[in-house]
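Fold and geometry: a report
Next come the chains, spelled out residue by residue.
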Amino acid sequence: MELNQKLRRFAAGPKLDKGLEAAELGFANGREVSNPFGRYYMVEHTYPLDSYHGRLRLDSILTVDWSRLAFIAKDESVKTLDLRKALFLDTETTGIAGGAGTCAFLIGVAFVRDDDVVVRQYLMRDYHEEAAMLFDLYRMIQEFDAIVSFNGKCFDWPLLRDRFTLARFEPLRKNYVHLDLLHAARRLWRASLPSCSLDSLEAHVLKVAREQDIPGSLIPQRYFDFLRTKRAELLIDILEHNRSDVLSLVTLVGTLDLMAGKPAAEIKSDSLCWAIARLYVQDRQWHRAIEFLQQAASLNQSKAVRSAACSQLALIYRRLNLWDQAQAIWLMLAQENGDIQACEELAKFYEHICKDLGKARQFAKQGLALAMAKDRLRAAAFEHRLERLERKLARQEKTTLSVH
Amino acid sequence: MIGQVLEQFRKSHLAKNVTFWQTIPEKPAQYRPFPSSLNPQIADLLRDKGIEQLYTHQAQAFELVSSSKDIVVVTPTASGKTLCYNLPVLNHILANPASRALYLFPTKALAQDQVAELMSMGERLGHAIKTYTYDGDTASDARQAIRSAGNIVVTNPDMLHSGILPHHTKWMGLFENLMYVVVDELHIYRGVFGSHVANVLRRLQRVCRFYGSNPVFICASATIANPGEHGRRLIGREVEVVDQNGAPSGPKEVIFYNPPVVNQSLGIRRSSLLETQRIAEEFIANKIQTIVFTRARVDLEVLVSYLQRSFKRLGDLAEKIRGYRGGYLPKQRREIERDLREGKVLGVVSTNALELGVDIGSLQAVVINGYPGTIASLWQQIGRAGRKHELAAAVLVGNSSPLNQYIITHPEFVLGQGAERALIDPDNMYILLSHLKCAAFELPFQAGELFGGKDVAEYLSFLVDEGILRFVEGRYYWMSEVYPANDISLRSASSDNFVIIDTTDGASSVIGEVDRFSAPMLIHEGAIYMHEGRQYHVDQLDWERQKAYARRVKVDYYTDANLDVDLKVLSVSESLQPGTKPAAQSWGEVLVSAKTHLYKKIRFYTHENIGWGPISLPEQEMHTTAFWFAQKLDLEPSVPSEVVQNALNGVAHLLLNTAPLELMCEPGDLGVVAQVKSPFTKLPTIYIYEKYPGGVGYAKQLFDLSRLVLERAYQLLQGCPCEAGCPSCIGPQVDIDQEAKQYARLFLEEALKHGTEPEA
């Protein structure tokens, strides 16, 4: 039996059309480019800085305070970012599995030139064009010092470096500043948005309208379909999708900067307010943190955020030795919410700071009663605390008696 | 001391059960001085360890590798094998610090041992050489350092296949500077597993070529009949064989022991486990350090507890008995190994985990419960006994399987031919196709590019038609979102195994795997699945998701499903008629289809049928290769065909169990079908087929060695003392019909008589 017959019996499937050999794309602002590695296709659009993408104008990028971005991104090196040397980058790939068999067939980059934002898209019209496409990208990247991406630290950037290796280019030597907006966005919107994907941010935060957009998960298959058929229209919405993504990176930076620059009173969402407060807490900027925590609590939108913000506030007051404020919050939490932590803090406070053993015992008892049902470990700690308090109280009584 | 124990044994009533006793004389060491090109730092390190010169095979390996020859070193256990590869590798790295080596071991445990050894050597060489393990347990933050900095990366073929090669760009530093690839325990890479590994090594070499390196392969193997051929097929290059062992060995007594028959008519022998225990006890009680090998984990645990219990009565010896197997934690294993070397442990019961290159020093006595499956393993296990000059003993205790009975009563087989051939077929269509996908994922194929020296254009264009590859401008590109290595397992016979999940008391842990073909028989709903001696009732079989849910039960029956196997010959590859070969026989491609209709519940001991249930699962089909032979039987017409069927089934059973002797495979790798009148040959015919789709070469090997295979089966049948068939020959006969054994014998006799001597 012939091998081919055997193979076919092993997995019979429909034969697919080979399609046309050459693709006549003819996209607006598109052209074929050639270099020593061959040919590929490039599309370049320019957007005046005063045009809108979503609800923000592109020129919002010009006034960004990069140390604020560094603060949100938790990356000191972002402070030194120079906009004119920054490349906004997003790739469309043949899959998300990673490994040497996954490649980026479309790479969109944006940068500021004069009064415009330029979006340049490198497209390979078939696999053999990859090296030529990568070569021009590789040369261009070397003219920049910073990369701005969305999840690029884990995905796009290592993928591109792998592709450069496969094309046998010298490894990039420069240490690029890399602002990955996914991590920054997560810190701000994790609690208030259903998802922190770029799609979700565009819909809820950037207000970018997308008509007839192709979902990201369908892009690889769509590209394979294009390869088989060479029908140019199959690529149109992928290119648009990619352009919109790259522009969204620009306005996302602007939005993050705006958010980080607002005073607490202007923030109208408690979970966003809480998220910003957390950043200040982590950065040990206590007074800014108090401002945002108070706002989060007073917005009074969700009980969970309110009590988390109050607990955090009390902890900061304790740290700053502002005992009256701390005590007031704990009392409120213990009474209103039956908060175990607050009971513990109060028991500690009355025992060690106020030396009021009776009150300490009262809150230890309350805490124990609350913890019994929920938290065995905590309950044991309360039991231990109560025993000690009882001993101290007994001793105190004895002393009092003997004095009399 | 051991001399006295053996003398007593020779005089005792047990001696009559000994089927073979031979003294292997002492062998002196053969040395060569350190090679002049050996780095003085390494020479000093060796001297510190008390090594003043090399054994001849170590020196030979060093010279060959130093002149860039690919080699296979074949040496027995504890002959200083690791130096054969460590010396040339370390020597080169000291001189060229940027160069790197990749070590492959079949298991993680072995890899860890090697890393410990290499690290300590690296430290003594002034921290110049960094060794790392890279496997599934490696922390993700450590991976980066290993990729860029490890001089020696130690891993296993599975990790190379799914973790390293598909991400080769991240390993550029390794591949660009790769000077050596060490493949240890080469004999483990046989059959389906070996065929996969051969393809992984083809991919490795392809990636190396991309980065401009061409590493030297240093392979090491236990004794097999065809080390050169096996090495060449596995790595796809010519190899030099180094098999003149220069290591010394003390005198050794090798004893085969067959447990006595306790029931003549059913052919039941005393349990080999209990006999093993008895013999091991004798050694240990006399303070002789002993290792007991047993195949099944459950036997291991039972033996450990039996031995500990008997020694409790004798005082403090119980603590000196330990078990050792793969499932133990690494730390625990290291501790046992150390205690063995230091003599703190007197008796250890092990699965074949200790057969491989784990350093435990040498022990004085080895007791082996049951033939370990291959002669190579047997010699590895025997090799665990033996110190440089003292007398040592190795006792093989046979069990009642046909294979064991053949070995135990035909010791010349073990000693005569030495070892079996390791077989692989890297070009098995299914395996090759799987790895071509992985290879195309890793790097595009060029038109006309060979893979392992083979023209694969037809495969590639098939993958193009399937829409997985795209052919453009003379290259084949991967055009799929899939990461192919994830779907291909090197270990399991078939890539889609069923798992058995224990749901007892709300738990859900995987306790075992069954291949797709056997699933309808073993894990249908209502089946009693046996695992480590425990019974599980299968409550649900999820065919789509390939999962069976079972819970622990204690019942007095087992289940037996009838698998109706039908076999159709698709094409004949080679065929011979009577006169040139015994009987008419062929090998070729077949379609095996199997369906189970019902299962029976059978009570233990009485074997009465106490119920049945239906099985409704889809019929399964598999294309594979088979060997078959047909023999006309002149019988009275009055002989009922059921009797003939029973007889043929008996012969099939016998062949299924003895054929692995020649093939270095497990009985589970093969299946048999016996047909009283085959639609293809029109004669009584027995088919032996391979259970892996497409086959890996066993069918052809059976065809080539058919006379030997049939003769062995016949000898075993003749020598079996049972009356009407027993587990040791044609299998237990439920209806004791005296004639089955008789007709089975006749069938084999006729088959052998009608042939002349096999062709030269």
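This one's a predicted model, so the numbers in the text were calculated from it and none came from an experiment.

The subject of this paragraph is the overall build of chain A. A tally of regular secondary structure across chain A gives 15 helices and nine strands. Overall, chain A is about 105 × 65 × 40 Å in size when its C-alpha atoms are taken along their principal axes. For chain A, buried positions account for 52% of its 404 residues. A sequence separation of at least 24 residues applies to 65% of the contacts in chain A between residues at least 6 apart. Working note: accessible area of chain A is about 19,200 Å², and carbon and sulfur atoms make up 50% of it. Each charge sign in chain A was given a centre, from 57 positive and 53 negative side chains, and these centres are 7 Å apart.

Before going further, it helps to examine the packing of helix H7 (residues 219-229) of chain A against helix H8 (residues 233-261) of chain A. Residues and elements named next belong to chain A. It is at 9 Å that the axes of H7 and H8 come closest, and there the two elements cross at 140 degrees. For the element pair H7 / H8, the angle class is oblique. For the pair H7 and H8, the sense of crossing is left-handed. Packed against H7, whose contacting residues are Ile219, Arg222, Tyr223, Asp225, Phe226 and Thr229, the element H8 presents Leu234, Leu235, Asp237, Ile238 and His241 at the interface.

Another point: the pattern of salt bridges. Within this structure, the stated rule accounts for 51 salt bridges over all chains. Close ionic contact of Asp704(B) with Lys700(B) constitutes a salt bridge, the shortest N to O distance being 3.1 Å. Here Asp704(B) and its partner Lys700(B) are both found in helix H22 (residues 698-704), four residues apart, which amounts to about one turn of the helix. Here the salt bridges share partners, and the residues they tie into one network are Glu32(A), Arg39(A), Arg125(A) and Glu129(A).

A separate point is the interface of chain B and chain A. Taken residue by residue, the interface counts 34 residues in chain B and 37 residues in chain A. The tally of links between chain B and chain A comes to three salt bridges. Counting across the interface, chain B meets chain A through eight residue pairs in polar contact (both at pLDDT 80 or more). Listing elements by their share of the side of chain B that touches chain A, those giving two or more residues are helix H8 (172-176), helix H17 (429-442), helix H18 (457-465), strand E22 (469-472) and strand E23 (475-478) of chain B. Its residues placed into classes, the side of chain B that touches chain A shows 18 nonpolar, six polar and 10 charged.

Moving on to the packing of helix H9 (residues 270-282) of chain A against helix H10 (residues 286-299) of chain A. If you want to describe how two helices pack, look at the angle between their axes and the distance between the axes. Residues and elements named next belong to chain A. Close contact between H9 and H10 brings their axes to 8 Å; oriented N to C, the two are set at 160 degrees. In this view, H9 runs roughly antiparallel relative to H10, as classed from their interaxial angle. For H9 against H10, the interelement crossing comes out left-handed. Of the residues in H10, those touching H9 at Asp270, Cys273, Trp274, Ile276, Ala277, Tyr280 and Val281 are Trp286, Arg288, Ala289, Phe292, Leu293, Gln295, Ala296 and Leu299. Of the residues assigned to the contact of H9 with H10, the class counts are 12 nonpolar, one polar and two charged.

Residue and element names in this part refer to chain B. Grouped together as the largest cluster of nonpolar side chains are 105 residues, with contacts concentrated most on Phe445, Tyr459, Leu655 and Ile686. Considering each element in turn, this core owes the most residues, 10 residues, to H17. If we skip the residues at most four places from it in the chain, Ile686 touches Phe627, Trp628, Phe629, Leu648, Val651, Ala652, Leu655, Val673, Ala674 and Phe747.

This part takes up a negative patch on the surface. Residues Asp564(B), Asp566(B), Glu619(B) and Glu621(B) make up a contiguous surface patch of negative charge. Structurally, Glu621(B) can be placed in strand E32 (residues 620-630).

Let us look at the packing of aromatic side chains. Aromatic ring pairs are reported here in terms of the distance separating the ring centres and the angle at which the planes meet. Going through the model one piece at a time under the given rule, you end up with 38 aromatic pairs over all chains. Between Tyr103(B) and Phe105(B), the aromatic rings sit 6.3 Å apart at their centres with planes inclined by 45 degrees, giving tilted as the arrangement. Neither residue differs from the other here; Tyr103(B) and Phe105(B) are each classed as buried. Directly above the ring of Phe210(B) sits Arg168(A), whose terminal nitrogen or CZ lies 5.1 Å from the centroid. In this arrangement the basic side chain of Arg206(B) is found over the ring face of Phe445(B), its NZ or CZ atom lying 3.8 Å from the centre.

Residues and elements named next belong to chain B. Spatially, three strands are ordered E19-E23-E22 in an open sheet, and the strand pairing comes out antiparallel. Because the sheet does not close on itself, it has two edges, and the strands there are strand E19 (445-446) and E22. Note that E19 and E23 share two bridges and pair antiparallel. The residue of E23 that forms the bridge with Phe445 is Tyr476.

Residues and elements named next belong to chain B. Examined at the domain level, chain B breaks down into domain 1 (2-25 + 249-417), domain 2 (31-242), domain 3 (429-483), domain 4 (497-555) and domain 5 (573-587 + 626-753). One C-alpha centre belongs to domain 1, the other to domain 2; they are set 32 Å apart. Across the domain 1/domain 2 interface, buried area totals approximately 1,200 Å², and carbon plus sulfur atoms make up 53% of it. For the interface between domain 1 and domain 2, the tally reads zero residue pairs in polar contact (both at pLDDT 80 or more). Secondary-structure elements contributing two or more residues to the side of domain 1 that touches domain 2 are helix H13 (330-341) and helix H14 (375-382).

All right, on to the pairing of strand E8 (residues 178-183) of chain B then. Residues and elements named next belong to chain B. Taking burial as the measure, the six residues of E8 include five buried ones, the bulk of the element. Bridging between strand E5 (residues 100-104) and E8 involves five bridges; their strand directions are parallel. Bridging across to E8, Ala101 finds its partner in Tyr180.

To continue, consider the domain arrangement of chain A. Residues and elements named next belong to chain A. We note that the domain assignment places domain 1 (23-261) and domain 2 (265-403) within chain A. Relative placement of domain 1 and domain 2: their C-alpha centres are 47 Å apart. Between domain 1 and domain 2, a total of about 860 Å² is buried, with carbon and sulfur atoms accounting for 72% of that surface. Counting the surface domain 1 buries against domain 2, the share from its top three residues, Phe71, Leu188 and Met259, is 56%.

Note that Pro194(A) resides in the loop between helix H5 (181-189) and helix H6 (198-206). For the pair Pro194(A) and Thr46(A), spaced 148 residues apart in sequence, the C-alpha separation works out to 33 Å.

Take the state of the cysteines next. Summed over the entire model, instances satisfying the criterion amount to zero disulfides over all chains. In this structure Cys103(A) is a free cysteine whose sulfur lies 17 Å from that of Cys438(B), the closest cysteine sulfur available.

For the rest of this paragraph, the subject is the sheet that holds strand E14 (residues 290-294) of chain B. Residue and element names in this part refer to chain B. Taking strand neighbours across the sheet as the criterion, the seven strands line up as E1-E11-E18-E17-E14-E16-E15 in an open arrangement whose pairing is mixed. Looking at which strands have only one partner, the edges of the open sheet turn out to be strand E1 (18-24) and strand E15 (321-324). Pairwise comparison of adjacent strand axes, ignoring direction, gives a mean angle of 15 degrees for this sheet. Inspection of the sheet shows E14 paired to strand E16 (residues 347-350) by four bridges, in the parallel sense. When the sheet's bridge partners are listed, Ile291 is paired in E16 with Val348. Across the face of the sheet, H14 comes into contact with E1, strand E11 (252-257), E14, strand E17 (365-369) and strand E18 (392-397) while running at roughly 150 degrees to E17.

Turning our attention to unusual backbone geometry. Residues and elements named next belong to chain A. The phi dihedral of Asp114 is positive, around 50 degrees, even though this residue is not glycine. Along the polypeptide, Asp114 turns up in the loop between strand E6 (104-113) and strand E7 (116-123). The residue Arg168 is not glycine, and still its phi comes out positive at about 65 degrees.

All names here are of chain A. Looking at the element boundaries, Asp339 is found in the loop between helix H12 (323-337) and helix H13 (340-353). Separated by 44 residues in the primary sequence, Asp339 and Gln295 place their C-alpha atoms 21 Å from one another. Side-chain polar atoms of Asp339 contact the backbone nitrogen of Gln341, separated by 2.9 Å. Within the structure, Asp339 has its side chain in polar contact with the backbone nitrogen of Ala342 (distance 2.9 Å).

Each value, and the rule that gives it
- Residues numbered from 1 in each chain as written.
- Chains lettered and ligands numbered in written order.
- Predicted model: local features only at pLDDT ≥ 70, side-chain atom pairs only at ≥ 80, totals over all residues.
- Heavy atoms only, no water.
- Helix = DSSP H or I, 4+ residues; strand = E, 2+ residues; numbered from the N terminus.
- Buried < 20%, exposed > 50% of the residue type's maximum accessible area, 1.4 Å probe, protein only.
- Contact = heavy atoms within 4.5 Å.
- Areas by Shrake-Rupley, 256 points an atom, 1.4 Å probe, with all protein chains shown as cover.
- Lys, Arg positive; Asp, Glu negative; His and termini not counted.
- Charge placed at Lys NZ, Arg CZ, Asp CG, Glu CD.
- Axes fitted to C-alpha atoms, helices over the stretch in contact; angles between N-to-C directions.
- Parallel < 35°, antiparallel > 145°, perpendicular 65-115°, else oblique.
- Left-handed = near helix turned anticlockwise from the far one by under 90°.
- Salt bridge = Lys/Arg side-chain N within 4 Å of Asp/Glu carboxyl O.
- Polar contact = N/O pair within 3.5 Å; in protein donor to acceptor, adjacent residues only side chain to side chain.
- Nonpolar A, V, L, I, M, F, W, Y, C, P; charged D, E, K, R; others polar.
- Core = buried A, V, L, I, M, F, W, Y, C linked by side-chain atoms within 4.5 Å.
- Patch = residues over 30% accessible without salt bridge, like charges linked within 9 Å, V, L, I, M, F, W, Y side chains within 5 Å.
- Phe/Tyr/Trp six-rings, centres within 6.5 Å; stacked < 30°, edge-to-face > 60°.
- Lys NZ or Arg CZ within 6 Å of the ring centre and 35° of its normal.
- Pairing = 2+ DSSP bridges.
- Domains from an automatic or database assignment.
- Buried area = accessible area lost by both parts, 1.4 Å probe.
- Disulfide = S-S within 2.5 Å.

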